[in-house]
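Read off the chains here:
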Amino acid sequence: MKLWPVRMLTGAIIALAIGYLLQPIWIAALLCVLFYLLLEPLVSTLQAAGARKDLAIAIALLPPLVGLVYGAMHLIDSARDYLPQLGQDLEKLQLGISKTLAEIDNHLAIVMDVRLSLAEQVAALELDLRGAARAERLLASTSWLANLLLNLALVPPLAWFLLRDYRSWRDRALSLLPNSQFELGWLMYHRVCARLQAYLRGLVLQALILSAITAIGFQIIGLPSPVLLGVLTGVAGLVPYLGPLLAMLAPVLMMVAGPGLDPGTLMEIVLVLAVGFGFDNAVVIPFLLAGSVNLHPAVAMLAVVIAGHVGGITGMVLVIPLLGMLRIISETTWRGLQSSG
Amino acid sequence: MLSPQRHLWLNPFRRKDPESATREAWRNTPLLMDIPAPVCHKLVERTHLRHYQPGEYLFREGEAGVSAAVIISGKIAIESGDHRIAELGPGDFFGEAALLQDAPRSASAIAEEEATVSFLVRFQLEEFVRHRPGAGLEIMTNLARLLVARLHRGNRSEAIDE
């Protein structure tokens, strides 16, 4: 009987157990892994230039941590200022949606002589956005915010230890392999890491490029908070197929709740997103991510829908990178174990 | 620091600890020839000490190799097919081609008696070279010299066979 299927199953169970245990701090864990993948080459370069390891890590970690602290402070300030007026804004948003739907209804009636009564139909759904501002939901939001801040506070020490000690942890873990699997273990580890690093760095770069392009576009067409909208678009861009639709949500809702949405602005938003996603599909994905995962479109769509049902927007954003990582790990491990007989 | 009196009590016949034996073995290999001792120590810290029972394979012919090895104690037989090519003992260095590429092992290595072997993995050598480019250049030059010397020796023995 071959032992490697049992070993793969054991590895998968251990990975799932670790994932379950890390559930409360998954944001911190994810950010630390991203920091490691992005900053490790910089730390190596600084060390090669003669800097001590601790100093190299400090220099590499400082700018992103300052950014993170600034972002967290901004988030706290915004939340403190915004929570009391959340109810009013949601009411305004609901009125804005009704007004926009009525305008679309009128427009369709005038141009195409069709009357869909969209506003009445949505009102019949009893969509009560003000319910979102009820006390228990606000309390849940506050607890979510506290959990997020706790996760953010964990990032600096965890990232520091990961950058400093990851190699010695890895060496110790790999030295536990039996003699017959020692070299194969190292080879497989190296192949999995090389593909994973390329894939995750590609994803981060993809999100950054899409964020930058759309933030500039939103700035040009005069939307409020263009940087925030750009960042949200960059994150939404990680969701295949549904990304452009998700990316439209934030700017459209912001305009509906704020100055109001007219067809001209809607077209401008669509144009900015088309330019961003067009560049993403034509240049960024072929050069940065081509061939790294290649999930079947049907699998990807199904996964996005299921993850959306289970984990909401966060699940939709994370499911494809996680499936990609899982595929890289399983493919490489499978090939390595088969070649070892 | 030890006082001069305490040196009198140190046992000159005490056996060396495994770490210093490993360091010494690696320093005497052609790979680390003329490399400063502190740099050698840093590299040797990354090596892996493994113990083998008689008859146990270190690696088999045709498997992908990723490390070079130095024998710390015991005897290792090198075999290709059914032929025994060499018998190696403490201090011998082998498998260095795997430090450069993923090519399959050209021969098998089997422990003839209980043996302790220290391995240097290619990926760790690459990391070391990235962190210390100066020393890395010297190590890679030594490796190139070693491989060229083996190639010449191989060519000469082929010529003699013909």
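Residues numbered from 1 in each chain as written. Chains lettered and ligands numbered in written order. Predicted model: local features only at pLDDT ≥ 70, side-chain atom pairs only at ≥ 80, totals over all residues.

**Overview of the overall build of chain B**
Alright, step 1. When helices and strands are tallied, chain B shows 5 helices and 8 strands.
Alright, step 2. Of the regular secondary structure in chain B, the N- to C-terminal order runs α-α-α-β-β-β-β-β-β-β-β-α-α.
Alright, step 3. Considering only contacts within chain B whose residues lie at least 6 apart along the sequence, 77% involve residues at least 24 apart. (Helix = DSSP H or I, 4+ residues; strand = E, 2+ residues; numbered from the N terminus. Contact = placed C-beta atoms within 7 Å.)

**Structural notes on the overall build of chain A**
Alright, step 1. Within chain A, the regular secondary structure consists of 11 helices and 0 strands.
Alright, step 2. Each helix and strand of chain A, ordered N terminal to C terminal, gives the series α-α-α-α-α-α-α-α-α-α-α.
Alright, step 3. In chain A, once contacts between residues fewer than 6 apart in sequence are set aside, the share between residues at least 24 apart is 67%.

**Re the nonpolar core**
Alright, step 1. If you look at the biggest cluster of nonpolar residues, it comprises 35 residues, and the most contacted ones within it are Leu58, Val70, Ile71, Ile76 and Val117 of chain B.
Alright, step 2. Those elements that provide at least two residues to this core are helix H7 (182-221) of chain A together with helix H2 (18-27), helix H3 (37-44), strand E2 (57-59), strand E3 (67-73), strand E4 (76-80), strand E7 (108-111) and strand E8 (115-121) of chain B.
Alright, step 3. Look past the residues within four positions of Val117 of chain B in its chain and what remains in contact with it is Arg50, Tyr52, Leu58, Ala69, Ile71 and Ile72 of chain B.
Alright, step 4. Judged by nonpolar contacts, the second largest core, of 22 residues, contains Val231, Ala247, Ala250 and Ala307 of chain A. (Core = buried A, V, L, I, M, F, W, Y, C linked by C-beta atoms within 7 Å. Buried ≥ 20, exposed ≤ 12 C-beta atoms within 10 Å, placed from the backbone.)

**Thoughts on the packing of helix H2 (residues 26-48) of chain A against H7 of chain A**
Two quantities define a packed helix pair, namely the angle between the axes and the distance from one axis to the other.
Residues and elements named next belong to chain A.
Alright, step 1. H7 packs onto H2 with a crossing angle of 100° between their chain directions and a minimal axis gap of 10 Å. On the basis of their axis angle, the class for H2 and H7 is roughly perpendicular. In this structure, H2 uses Leu34, Leu37 and Leu38 to contact H7, whose residues at the interface are Gln197, Leu200, Arg201 and Val204.
Alright, step 2. Grouping the amino acids of the contact of H2 with H7 by side-chain chemistry returns 5 nonpolar, 1 polar and 1 charged. (Axes fitted to C-alpha atoms, helices over the stretch in contact; angles between N-to-C directions. Parallel < 35°, antiparallel > 145°, perpendicular 65-115°, else oblique. Nonpolar A, V, L, I, M, F, W, Y, C, P; charged D, E, K, R; others polar.)

**Structural notes on the interface of chain A and chain B**
Alright, step 1. Contact with chain A, which involves 10 residues of that partner, is made by 14 residues of chain B.
Alright, step 2. Listed by contribution, the elements that provide at least two residues to the side of chain A that touches chain B are H2 and H7 of chain A.
Alright, step 3. Sorting elements by how many residues they give to the side of chain A that touches chain B places H7 of chain A first, with 5 residues.

**Focus on the sheet that holds strand E1 (residues 48-52) of chain B**
Residue and element names in this part refer to chain B.
Alright, step 1. The antiparallel open sheet is built from 4 strands, whose spatial order is E1-E8-E3-E6. Of all strands in the sheet, those with a lone pairing partner are E1 and strand E6 (93-94), marking the two edges.
Alright, step 2. Relative to E6, E3 is paired through 2 bridges, and the arrangement is antiparallel. Considered in E6, the bridge of Val70 is made with Phe93.
Alright, step 3. Contacts from helix H4 (residues 122-131) reach E3 and E8, with the element oriented near 50° to E8. (Pairing = 2+ DSSP bridges.)

**Some remarks on the pairing of strand E5 (residues 83-88) of chain B**
All names here are of chain B.
Alright, step 1. Both E4 and E5 contribute to a ladder of 5 bridges, which runs antiparallel. For Ala77, the partnering residue across the bridge sits in E5 and is Glu87.
Alright, step 2. Following E4, the chain reverses through 2 residues before pairing antiparallel with E5; Gly81 in that reversal takes a positive phi of roughly 65°.

**Brief notes about the sheet that holds E7 of chain B**
All names here are of chain B.
Alright, step 1. Across the sheet, 4 strands lie side by side as E2-E7-E4-E5; this open sheet has antiparallel pairing. Each end of this open sheet is capped by a strand with a single partner; those strands are E2 and E5. Going across the sheet, the axis of each strand differs from the next one's by a mean of 30°, ignoring polarity.
Alright, step 2. Two elements, E2 and E7, share 2 bridges in a ladder whose sense is antiparallel. Looking at E7, one finds that Phe59 is bridged to Ala109.

**Here we look at unusual backbone geometry**
Alright, step 1. One non-glycine residue, Asp34 of chain B, adopts positive backbone phi at about 65°.
Alright, step 2. Within the element layout of this structure, Asp34 of chain B appears in the loop between H2 and H3.

**A look at the confidence of the model for chain A**
Alright, step 1. Averaged over every residue, the pLDDT of chain A is 78; residues scoring 70 or more account for 80%.
Alright, step 2. Of all secondary-structure elements in chain A, the lowest mean pLDDT belongs to helix H5 (residues 118-124) of chain A, at 65, while helix H8 (residues 226-236) of chain A reaches the highest, 86. (pLDDT = per-residue confidence, 0-100.)

**Quick word on H2 of chain A**
Residues and elements named next belong to chain A.
Alright, step 1. When the terminal C-alpha atoms of H2 are compared, their 32 Å separation across 23 residues agrees well with the 33 Å that a helix rising 1.5 Å per residue should span.
Alright, step 2. The sharpest bend along H2 comes to roughly 45°, located at Leu39, with the proline Pro41 sitting one to four residues further on.
Alright, step 3. Among the residues of H2, those classed as buried are Ala28, Leu31, Cys32, Phe35, Leu39, Val43 and Leu46.
Alright, step 4. Downstream of H2 by a residue or two, Gly50 has a phi angle that is positive, lying close to 110°. (Expected span 1.5 Å × (residues − 1). Bend = angle between axes of the 7 residues up to and from the residue.)

**Section: the environment of Glu91 of chain A**
Alright, step 1. Summarising the element assignment, Glu91 of chain A is placed in helix H4 (residues 86-112).
Alright, step 2. Here the alpha-carbon distance between Glu91 of chain A and Trp160 of chain A, two residues 69 residues apart in the chain, equals 45 Å.

**As for the confidence of the model for chain B**
Alright, step 1. Considering every residue of chain B, the mean pLDDT works out to 86; 88% of them sit at 70 or more.
Alright, step 2. Interface predicted TM-score (ipTM) for the complex: 0.83; the corresponding pTM is 0.71.

**Points about H4 of chain B**
Alright, step 1. When H4 of chain B is considered as a whole, its buried residues turn out to be Arg122, Gln124 and Leu125 of chain B. Buried residues of H4 of chain B, viewed axially, fall in a sector of 160°; they line one side. (Arc of directions from axis to C-beta.)

**Concerning the environment of Leu145 of chain A**
All names here are of chain A.
Alright, step 1. Along the chain, Leu145 turns up in helix H6 (residues 135-175).
Alright, step 2. On the neighbour-count criterion, Leu145 (14 C-beta atoms within 10 Å) is partly exposed.
Alright, step 3. Measuring from C-alpha to C-alpha, the distance between Leu145 and Ile76 comes to 8.5 Å, with 69 residues separating the pair along the chain.

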